[in-house]
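Residue-level structural notes
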Amino acid sequence: MNNRRNFLKQVSLLSVTAVAANATTPLLAKDFGNSSQKPGFAVSPYLQHLTPTSVYVMFITDSAAYSWIEYESEGVDKQIAYMEEDGLHAAYIKLNKIQIVNLQPGKTYRYRACSKAITLFDPYKLEYGEEIQTEWYSFTTPATNASQVSCVILNDVHDSPTAFESLLSLVDNRPYEFVMLNGDTFDYQTDEQQIIDHLLAPCTQLFAGQKSFIMVRGNHETRGKFRREFKNYFAFPDDRYHFSYKQGPIYWVVLDTGEDKPDDHPVYGGIVDFDAVRERQGKWLSAIVNTDEYKEAAYRIVIMHIPPFHSGEWHGPMHCREVFDPIFRANNVDLVISGHTHRHGVHPPDADHPYPVVIGGGSKDGSRTVIHLEANETRLHLEMLLDDGKKVGEYTLTV
Ligand SMILES: [Fe+2]
């Protein structure tokens, strides 16, 4: 298994000199978006599903409005993007999910959100309020077939908005292209204000106007009365919580591991079916691993909130193992990155799992972790830092 790989577990921690080799732009504090909220905008723009040729810009206005994005790049005049379906521009709404398409790979764009409240919406007469704009932000599309990639992975934030700044500040001198939120960002879903206060506000203040984040569903995001609306606040490939994509030399597989208890557990009230969710993903993944893009990537990484090992013997973890592990081991998965257990650890390949399993830390101060990962075509390196900055895990793969 994975004979072509040389797994190096570096328990004796070496100084980190390789991080500077990545050409992606470091996210320094001075690059943070302006934290001041513009009047009329409840949430500043945040980027979702950024690809070499497209991106979703999301934002929330204070009142029902007609909104659009203005964007431009060097040598290209200002253009406009808006939501349209069946000939109708989306309007008289607050939550905006505007896709910009036909972008060029590896190019930097400037953009801002624009909006005007609809003060009268009669059948034959519309009246608008004053036009308002956010400040200008910028983002860079990933290059097609980029030779390197870097990212930051957080997990189990559990309704702790201040954790974003404290954890990201530990890696703000390192390059990263996107942030992966690997499940249980919340305890359960209550309403929109919770999503704003505990996720969107801190992330837009820190990075999300310039760099995308990926919302990985954990078992706690399946809970609460607002769980069905939760998905509306993010943009996913094919509008699914599970998806895969190639960025840099890595083929990324993101899974939705569902709940941790059996579907017939009383706390779920008879209205969940996560066995089916996992089994559907197993069939989907069995097809994905047969694609040339998967097979030919330098590395194959699985991001899944509940780890298939080192996670106890409740139904959810065991069903993840039953459904996914045979696919992982038969198809050269190089690394699984999880959370959920609140016990950080780097578990190298062993008799149980022939691939490393990295698990991020817990939800309390003193146990939180941030994972920084970067890879080029010959070396993938991951470090896990505790929230006091101490390095508590490290893993390197070489081709
Ligand atoms: Fe969890």
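These figures come from a predicted structure and were not determined experimentally.

1. Details of the coordination of the iron ion
Looking at the metal site, the iron ion is ligated by Asp184 (OD), Asn219 (OD1), His305 (NE2) and His340 (ND1), spaced 2.1 to 2.2 Å from it. For the iron ion, the 4 donor atoms are set out with angles of 90 to 168° between them, so the coordination reads as irregular.

2. As for the packing of helix α3 (residues 274-288) against helix α5 (residues 315-330)
Contact geometry for α3 and α5: axes closest at 10 Å, N-to-C directions at 10°. Taken as axis vectors, α3 and α5 run roughly parallel relative to one another. Here α3 contributes Asp275, Arg278, Glu279, Gln281, Gly282, Leu285 and Ser286 to the contact with α5, which in turn contributes His315, Gly316, His319, Cys320, Val323, Phe324, Ile327 and Phe328. Here the contact of α3 with α5 is composed, by residue class, of 6 nonpolar, 6 polar and 3 charged.

3. Concerning the pattern of salt bridges
Under the criterion given, the structure shown has 14 salt bridges. Of the charged contacts, one joins glutamate 70 and lysine 78 as a salt bridge, the two residues approaching to 3.5 Å between their closest N and O atoms. For glutamate 70, a relative accessible area of 7% corresponds to the buried category. Its relative accessible area of 46% is what places lysine 78 among the partly exposed residues. Salt-bridge contacts for arginine 329 lead to aspartate 325; the nearest nitrogen and oxygen are separated by 3.0 Å. Note that arginine 329 and aspartate 325 are positioned in helix α5 at a spacing of 4 residues, about one turn of the helix.

4. Here we look at the domain arrangement of the chain
Considered domain by domain, the chain is made up of domain 1 (6-21 + 148-398) and domain 2 (40-140). Measuring from the centre of the C-alpha atoms in domain 1 to the corresponding centre in domain 2 gives 29 Å. With 18 residues of domain 1 at the interface, the matching set in domain 2 holds 18 residues. Note on domain 1 versus domain 2: buried area summed over both sides is about 1,500 Å², and carbon and sulfur give 60% of it. Summed over the shared surface of domain 1 and domain 2, the number is 0 salt bridges.

Criteria and cut-off values
Residues numbered from 1 in each chain as written. Predicted model: local features only at pLDDT ≥ 70, side-chain atom pairs only at ≥ 80, totals over all residues. Heavy atoms only, no water. Donors = N, O, S within 2.8 Å, 3.2 Å for Na, K, Ca; no water. Tetrahedral: all angles 85-135°; square planar, octahedral: opposite > 155°, others 65-115°. Axes fitted to C-alpha atoms, helices over the stretch in contact; angles between N-to-C directions. Helix = DSSP H or I, 4+ residues; strand = E, 2+ residues; numbered from the N terminus. Parallel < 35°, antiparallel > 145°, perpendicular 65-115°, else oblique. Contact = heavy atoms within 4.5 Å. Nonpolar A, V, L, I, M, F, W, Y, C, P; charged D, E, K, R; others polar. Salt bridge = Lys/Arg side-chain N within 4 Å of Asp/Glu carboxyl O. Buried < 20%, exposed > 50% of the residue type's maximum accessible area, 1.4 Å probe, protein only. Domains from an automatic or database assignment. Buried area = accessible area lost by both parts, 1.4 Å probe.

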